[in-house]
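Coordinate inspection notes
In case you want the letters, here they are:
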Amino acid sequence: MANDLAWTWLRQAGADFAAADRCQDPRDLTMACHSIAKHQQTVEKSVKAIVAALSERGIIRVATGFRHTVERLVSALVHLPHSPGNKDLQGRIHGLLNEHHRAEIDALCLLAPKRPDPGQLARRNTEYPYQNADGSWRAPADDGSFREAEVDRFRRLAYRIHGGSCRIVSAASR
Amino acid sequence: MTVTTLNRDFPRSEVKLRGLVDEHRRIKDEPVLLALYYAPQRDPQDIFLFEVLDQFGANSIDPDRQLFEVTYGSTRAFPVDAGQELHLVLTNPAEAKVAFEEGWTGAAEIRDAIDRGDYRVVYLDPAAPHIWELVRGQ
């Protein structure tokens, strides 16, 4: 099947999206961190699906496989040569990964756990304990770590990126 | 002894690359600080473009000490010869500093091309001359 790997990434991204929705409960915000983490996974796998589809068509090749962060892969896609206004594959990618969506992806990726720089506090993230401004520790599942509005915000992003990626991979399969 | 480049493309893609870099300069959230067309000793048929972008990869530094390289095949917007590819090497200022100071493989390759004179500065942000000084090692 054409773009078998790309569709496999998309299936997993879709499953992550469904899992995020199962975690979302406005009455129980202790689950918000899990929901946002799954939305981050949805976006990451959707972007990797596009890269896989373009790789299969010989349009793009990222030399070192899947070790790169989603921000770097997005940048590689955005720098793909394209003709402005043209609705070819590259034009669709530029449309999906527009400036607003890129800013939202950056904001979402900031919530992935990351080792703090020396002397810095552990930053708020969706998985590991992190620190308040006074240095005290907090769990991502603690009440008040994440708001319902943030879950909704990143759900919208994941929905759009996954849907757009499905259309791009479909177009690349033709 | 100066080693002459084996690259068969350099410098004939310069005009085409200027168009691509102009396109990249329209990406406002990752402003181009430096764009360098260069000719390394590998893949002699290919085109190599190095760009330092503010905010690339959220200004992070690759933990594996490798510059990010992506290769593009021929597209309608940037056609290349049969068997030829465009290599785009991307970094951010913080990573560039570490890469050139530590001599990462990709950075050493760029510095080597500069030392041989096999390069063209396609674009340099007037506010970022320090980036070019860092890359060329002066």
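Residues numbered from 1 in each chain as written. Chains lettered and ligands numbered in written order. Predicted model: local features only at pLDDT ≥ 70, side-chain atom pairs only at ≥ 80, totals over all residues.

1. Some words on the packing of helix H3 (residues 70–78) of chain A against helix H5 (residues 99–109) of chain A
Residues and elements named next belong to chain A. Close contact between H3 and H5 brings their axes to 10 Å; oriented N to C, the two are set at 165 degrees. Accordingly, the angle class assigned to the pair H3 and H5 is roughly antiparallel. Of the two possible hands of crossing, H3 and H5 adopt the one that is left-handed. Touching Val70, Glu71 and Val74 of H3 are Arg102, Ile105, Asp106 and Cys109, all from H5. (Axes fitted to C-alpha atoms, helices over the stretch in contact; angles between N-to-C directions. Helix = DSSP H or I, 4+ residues; strand = E, 2+ residues; numbered from the N terminus. Parallel < 35°, antiparallel > 145°, perpendicular 65-115°, else oblique. Left-handed = near helix turned anticlockwise from the far one by under 90°. Contact = placed C-beta atoms within 7 Å.)

2. Observations regarding the interface of chain B and chain A
Facing the 23 residues of chain B at the interface are 27 residues of chain A. Listing elements by their share of the side of chain B that touches chain A, those giving two or more residues are helix H1 (14–24), strand E3 (68–72) and strand E4 (86–91) of chain B. The residue makeup of the side of chain B that touches chain A, split by class, is 11 nonpolar, 6 polar and 6 charged. Direction of pairing for strand E1 (residues 60–62) of chain A relative to E3 of chain B: antiparallel, over a ladder of 3 bridges. By the bridge assignment for E3 of chain B, Val62 of chain A is matched with Val70 of chain B. (Nonpolar A, V, L, I, M, F, W, Y, C, P; charged D, E, K, R; others polar. Pairing = 2+ DSSP bridges.)

3. Notes on the confidence of the model for chain B
The predicted model of chain B has a mean per-residue pLDDT of 92, with 96% of residues at 70 or higher. Two numbers describe this predicted complex: its pTM, 0.89, and its ipTM, 0.85. (pLDDT = per-residue confidence, 0-100.)

4. Digging into the environment of Gly95 of chain A
Residues and elements named next belong to chain A. Structurally, the position occupied by Gly95 is in helix H4 (residues 89–96). Judged by C-beta crowding, with 13 C-beta atoms within 10 Å, Gly95 ranks as partly exposed. Between the C-alpha atom of Gly95 and that of Gln41, which follows or precedes it by 54 residues, the distance is 21 Å. (Buried ≥ 20, exposed ≤ 12 C-beta atoms within 10 Å, placed from the backbone.)

5. Looking at the nonpolar core
Ranked by internal contacts, the top residues of the largest apolar core, which has 81 residues, are Ala49, Ile50, Ala53 and Ile60 of chain A together with Leu36, Tyr38 and Leu49 of chain B. Residue contributions to this core peak at 12 residues, all from helix H2 (residues 32–56) of chain A. Those residues in contact with Ile60 of chain A that lie beyond four places of it in its chain are Val51, Leu54, Ser55, Ala76 and Leu80 of chain A together with Val70 and Tyr72 of chain B. (Core = buried A, V, L, I, M, F, W, Y, C linked by C-beta atoms within 7 Å.)

6. Things to note about the packing of H2 of chain A against H5 of chain A
All names here are of chain A. Look at H2 against H5: their axes get within 10 Å of each other, and the N-to-C directions meet at 130 degrees. By the criterion of interaxial angle, the relationship of H2 to H5 is oblique. The handedness of the crossing between H2 and H5 is left-handed. The residues of H5 that touch H2, namely those facing His39, Gln40 and Val43, are Ile105, Leu108 and Cys109.

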